[in-house]
Amino acid sequence: MFKFSRDPHDSYIWRMSQVQAELERCFNNGDHNSWLLGDSGYPQQPWLMTPILHPIAGTLEEQYNNSHAPARNCIERCFGVLKGDFDVC
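Keep in mind that what you see is a predicted model, and the values were worked out from it rather than measured.

**Observations concerning the overall build of the chain**
Argument step 1. Looking only at helices and strands, the chain features three helices and two strands.
Argument step 2. For the chain, the N- to C-terminal ordering of α and β elements is α-α-β-β-α.
Argument step 3. Within the chain, contacts between residues separated by at least 24 positions form 27% of all contacts whose residues are at least 6 apart in sequence.
Argument step 4. Accessible area of the chain: about 7000 Å², with a carbon and sulfur share of 57%.

**Let's talk about the packing of aromatic side chains**
Argument step 1. Counted under the stated rule, the structure contains one aromatic pair.
Argument step 2. With a centroid separation of 5.6 Å and 50° between ring planes, the pair formed by Phe27 and Trp47 is classed as tilted. Placement of the pair is Phe27 in helix α2 (residues 18-28) and Trp47 in the loop between β1 (36-37) and β2 (48-49), with a sequence separation of 20 residues.
Argument step 3. Here Phe27 falls in the partly exposed class, since its relative accessible area comes to 22%.
Argument step 4. Under the relative-accessibility criterion, Trp47 is labelled buried at 6%.

**Section: the pattern of salt bridges**
Between side chains of opposite charge, a pair can form as their charged atoms come close.
Argument step 1. All chains considered together, the criterion is met by two salt bridges.
Argument step 2. In this structure, Glu22 and Arg25 form a salt bridge, with 2.6 Å as the shortest nitrogen-oxygen distance. Separated by three residues within a single helix, Glu22 and Arg25 lie in helix α2, roughly one turn from each other.
Argument step 3. Of the residues examined, Glu22 reaches a relative accessible area of 36% and is grouped as partly exposed.
Argument step 4. A residue is classified by how much of its surface remains accessible, and Arg25, at 42% relative accessible area, is partly exposed.
Argument step 5. Arg72 is the salt-bridge partner of Glu76, the closest N and O atoms lying 3.3 Å from each other.

**Looking at the confidence of the model for the chain**
Argument step 1. Looking at the chain, the pLDDT average stands at 86 and 88% of residues meet or exceed 70.
Argument step 2. Summarising per-element confidence for the chain, the mean pLDDT is lowest in helix α1 (residues 10-16) (84) and highest in α2 (95).

The rules behind each value
- Residues numbered from 1 in each chain as written.
- Predicted model: local features only at pLDDT ≥ 70, side-chain atom pairs only at ≥ 80, totals over all residues.
- Heavy atoms only, no water.
- Helix = DSSP H or I, 4+ residues; strand = E, 2+ residues; numbered from the N terminus.
- Contact = heavy atoms within 4.5 Å.
- Areas by Shrake-Rupley, 256 points an atom, 1.4 Å probe, with all protein chains shown as cover.
- Phe/Tyr/Trp six-rings, centres within 6.5 Å; stacked < 30°, edge-to-face > 60°.
- Buried < 20%, exposed > 50% of the residue type's maximum accessible area, 1.4 Å probe, protein only.
- Salt bridge = Lys/Arg side-chain N within 4 Å of Asp/Glu carboxyl O.
- pLDDT = per-residue confidence, 0-100.

In structure tokens form, the structure reads like this:
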């Protein structure tokens, strides 16, 4: 369990996590087929797919966001179920 002196933003915890470091290491060693989905509070990285802010209508960026949103919403619903099952705040 992480211990912080204040309530840190998720992106800070992400930057300090071993998962982020491992994904970066894998990417740097040639694995370009592993990704995580994140929300707009996280930085866009080759291994962390986040929405593109303010895409122009009709562009590939807008299509990407339109595909990203339902996938991330599914993950958020799963997190909600898990938090309920394990009584996590």
